[in-house]
Amino acid sequence: MQNDEIANAFDEIGDLLELQGANTFRVRAYRNAARTLRDLSDSIADLVADPKFDLDELPGIGKDLAGKIRTLVTTGSIPQLDELRAVVPPGVAEMLRIPGLGPKKVATLFKEHGIDSLASLKKAALAGEIAGIKGFGKKTEQTILANIDQAAEAAQRTLFAVAAESVEPVIRHLRARDVVSHVEAAGSYRRRLETVGDLDVIAAATDAEAVMDALAAQSLVEAVLSRGPTKMRVRLRTGLELDLRVLEEASYGAGLVYFTGSKAHNIVLRRRGQQRGLKVNEYGVFRGEKSIAGRSEEDVYAALELPWIPPELREDRGEFDLAESGTLPTLVTTDDIRGDLHMHTTASDGTATIAEMALAAKALGRKYIAITDHSKRVSMARGLDSKRLREHWKEIDRVNGEIQGIEILKGIECDILEDATMDLPDDVLAEADWVIAVLHYGLKQPRERIMKRLVAAVRHPYVDAIGHPSGRLIGRRKGADIDYTALFKAAAEHGVLVEINANPQRLDLDDVQAHAAKKHGLKIVIDTDAHSTEGLEMTQYGIHQARRAGLEAKDVANTRTLAQFRKLLVKRL
Ligand code: DGT
Ligand code: CA
Ligand code: CA
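Below is a summary of the structure that appears in this document.

## Considering the pairing of strand β7 (residues 241-247)
Consideration 1: Buried residues dominate β7, accounting for 6 of its 7 residues.
Consideration 2: Where strand β4 (residues 199-204) and β7 come together, 6 bridges link them in parallel fashion. Each residue of the ladder has a partner; that of aspartate 200, found in β7, is aspartate 243.
Consideration 3: Sheet analysis places strand β6 (residues 231-236) next to β7, joined by 5 bridges and oriented antiparallel. Residue pairing in the sheet places arginine 233 in a bridge with aspartate 243 of β7.
Consideration 4: From the end of β6 to the start of β7, which pair antiparallel, there are 4 residues, and glycine 239 there has a positive phi angle of about 100°.

If you want it as structure tokens, here you go:
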């Protein structure tokens, strides 16, 4: 059993308990446990099997939760979850994805009005029946209608990081078979989209039946949904569906191009073929009956007079012009990253100490980090006031003196309050090495007020960067209504960096906005926002967005040495 399946089970218990009106501490205990488990780099199943390891040594995992983890790993289910599922239909939990519909409201809709799915909710809202329910009103009904389609779509898509845990073991399993000469994940997964609908895997082999038999035997595969001579669709135990296509080696490159997509990119490739009297399909590039390319992706692009285009750029968003003019970017990679400037410790809501975070970052090859715990407004996360922050910074200096090989900057993730002032006084922020300003509260304010706050932060004398600008949580919460052009112009004028938050649920800025930021001449900082040592490994997800945005190493501030990085912080020079 994969860590993610286990984490999902605990998140689901949290959701279902919340819908039943359970005490918030109990709900939070399950959510925290889910986060700990999801962040863990060791396999939980292995830990359960290890007689020398006590699960309740993990942060946030007590005896009770440890017992449930063991039950889940050994029996495949948790009786409590099965009971909760029996009383709360899956569609009810999906309604929580709509902004403004908390567990109380959803429980009312379900228990008193029999609304048990996004579809039945939409029907009721369209019929004007929601506005009349006590505690709802016309405004709630409009919010529901404005967000329901997005919520329905989100319910069907899976976060990239979760999909990775499903597809990577399948790829490894197939790669190890002698009958398979090449195998790779294609589709949206290979293009590194933030969410994927289904998985697509392409294999090269002469014996397609043997490859399909091997997939059917993989332990993650729950059911074979359909099977033909060279293709097969299966459902994985994680709920994701996967398309496998087996091609001959001579067609492998063409198949990989075709099934990597995007559809929009493929359409342009086909048109380029037609202009040259060529036919392009998943088996190759053909002049008449004769195949002129198909073995490798490079062949296929070359036949269309193009250099190979990285999958992350294959969206028909300008990549063909760059390819034609020989100006495709050399996309930034995780190995380019030298610093990580956003992370939490036990001083606020992290699970590790300053030293533990620093040593873990050093082990990942980072040369510098900034510790950025929460400011006081985030009281739920034990945010720091001026006094505690100054003590924390003293401790950071002390640890920095003790640990060699990595520099630790004194930072703060400071809230931009609803009235556009900063959560900490200027004289305190002046003492920081690095200030990230963020919106946490009042995300639903109208655009003018959101922009007033963001621009005030950008103009502030000691704000170095804007962190997770929109505050979105993918598939769960829409971000603030931002005028990105105005934000980027102001940031460029005041020398403020903007973040790509690498947390796979945030990815904020997203690919499109990160591209726009680059166009405005901004430098981007890719940060993990880690709340644990394992969280420091999330950099890759931010890199995916950066690559989709066409960013090179020079566009990313924290690919620099610390000395060079500091030169970008113009307010502190
Ligand atoms: P997803 O699964 O919704 O996250 O997105 P994709 O891009 O993985 O889409 P999917 O799984 O429907 O198909 C995988 C790739 O196969 C897609 O990116 C391009 C290619 N493809 C599928 N259907 C068509 C089609 O009708 N025309 C063309 N040109 N390409 C297609
Ligand atoms: Ca797909
Ligand atoms: Ca597919």
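## Focus: the pattern of salt bridges
Consideration 1: Here the structure, examined in full by the defined rule, presents 43 salt bridges.
Consideration 2: With a shortest N-O distance of 3.0 Å, aspartate 511 and arginine 548 are connected by a salt bridge. Taken as a pair, aspartate 511 in helix α22 (residues 511-519) and arginine 548 in helix α23 (residues 539-548) lie far apart in primary sequence, 37 residues in all. A single burial state applies to aspartate 511 and to arginine 548, both of which are buried.
Consideration 3: Among the ionic pairs, glutamate 552 bridges to lysine 554, the shortest N-O distance being 3.2 Å.
Consideration 4: Overlapping salt bridges, with partners in common, bring together Arg191, Glu315, Arg317, Asp511 and Arg548 in one network.

## Some details on the sheet that holds strand β5 (residues 221-227)
Consideration 1: Read across the sheet, 5 strands follow the order β2-β4-β7-β6-β5 without closing on themselves; strand pairing throughout is mixed. Because the sheet does not close on itself, it has two edges, and the strands there are β2 (182-185) and β5. Each adjacent strand pair in this sheet contributes to an overall mean axis angle of 20°, direction not counted.
Consideration 2: Bridge count for β5 against β6 is 5 bridges, and the pairing is antiparallel. Residue alanine 223 lies in a different strand from β6, and its bridge partner there is arginine 235.
Consideration 3: Strands in contact with helix α10 (residues 160-175) are β2, β4, β6 and β7; relative to β2, the strand with the most contacts, it is inclined by about 175°.
Consideration 4: Against the sheet, helix α13 (residues 252-260) touches β2, β4 and β7, its axis set at about 175° to β4.

## Structural notes on the coordination of the calcium ion (ligand 2)
Consideration 1: Around the calcium ion (ligand 2), the donor atoms from the protein are Asp198 (O), Asp198 (OD) and Asp200 (OD), and they sit 2.2 to 2.5 Å away.
Consideration 2: The site at the calcium ion (ligand 2) holds 6 donor atoms, and with the angles between them running 71 to 169°, its shape is irregular.

## Quick look at unusual backbone geometry
Consideration 1: Backbone torsion omega between glycine 261 and serine 262 reads -5°, so that peptide bond is classified as cis.
Consideration 2: Following aspartate 508, the chain continues to leucine 509 via a peptide bond in cis, the omega torsion being 5°.
Consideration 3: Mapped onto the elements of the fold, leucine 509 is located in the loop between β16 (497-501) and α22.
Consideration 4: The backbone phi angle of glutamate 305 is positive, close to 55°, even though this residue is not glycine.
Consideration 5: Within the secondary structure, glutamate 305 is located in the loop between α15 (297-303) and α16 (319-324).
Consideration 6: Even without being glycine, alanine 420 reaches a positive phi, approximately 75°.
Consideration 7: Structurally, alanine 420 can be placed in the loop between β13 (407-415) and α19 (426-429).
Consideration 8: According to the relative accessible area criterion, alanine 420 is buried, its value standing at 17%.

## Describing the coordination of the calcium ion (ligand 3)
Consideration 1: Protein coordination at the calcium ion (ligand 3) comes from Asp198 (OD), Asp198 (OD), Asp200 (OD) and Asp243 (OD), with a distance range of 2.3 to 2.7 Å.
Consideration 2: Each donor residue of the calcium ion (ligand 3) lies on one chain, and together they are spaced D-x1-D-x42-D.
Consideration 3: A gap of 3.7 Å separates the calcium ion (ligand 3) and the calcium ion (ligand 2), which aspartate 198 links by coordinating each metal.
Consideration 4: Among the residues examined, aspartate 198 registers a relative accessible area of 21% and is labelled partly exposed.
Consideration 5: On the basis of relative accessible area, aspartate 200 is assigned to the buried category, the value being 13%.

What counts and how
Residues numbered from 1 in each chain as written. Chains lettered and ligands numbered in written order. Predicted model: local features only at pLDDT ≥ 70, side-chain atom pairs only at ≥ 80, totals over all residues. Heavy atoms only, no water. Buried < 20%, exposed > 50% of the residue type's maximum accessible area, 1.4 Å probe, protein only. Helix = DSSP H or I, 4+ residues; strand = E, 2+ residues; numbered from the N terminus. Pairing = 2+ DSSP bridges. Salt bridge = Lys/Arg side-chain N within 4 Å of Asp/Glu carboxyl O. Axes fitted to C-alpha atoms, helices over the stretch in contact; angles between N-to-C directions. Contact = heavy atoms within 4.5 Å. Donors = N, O, S within 2.8 Å, 3.2 Å for Na, K, Ca; no water. Tetrahedral: all angles 85-135°; square planar, octahedral: opposite > 155°, others 65-115°.

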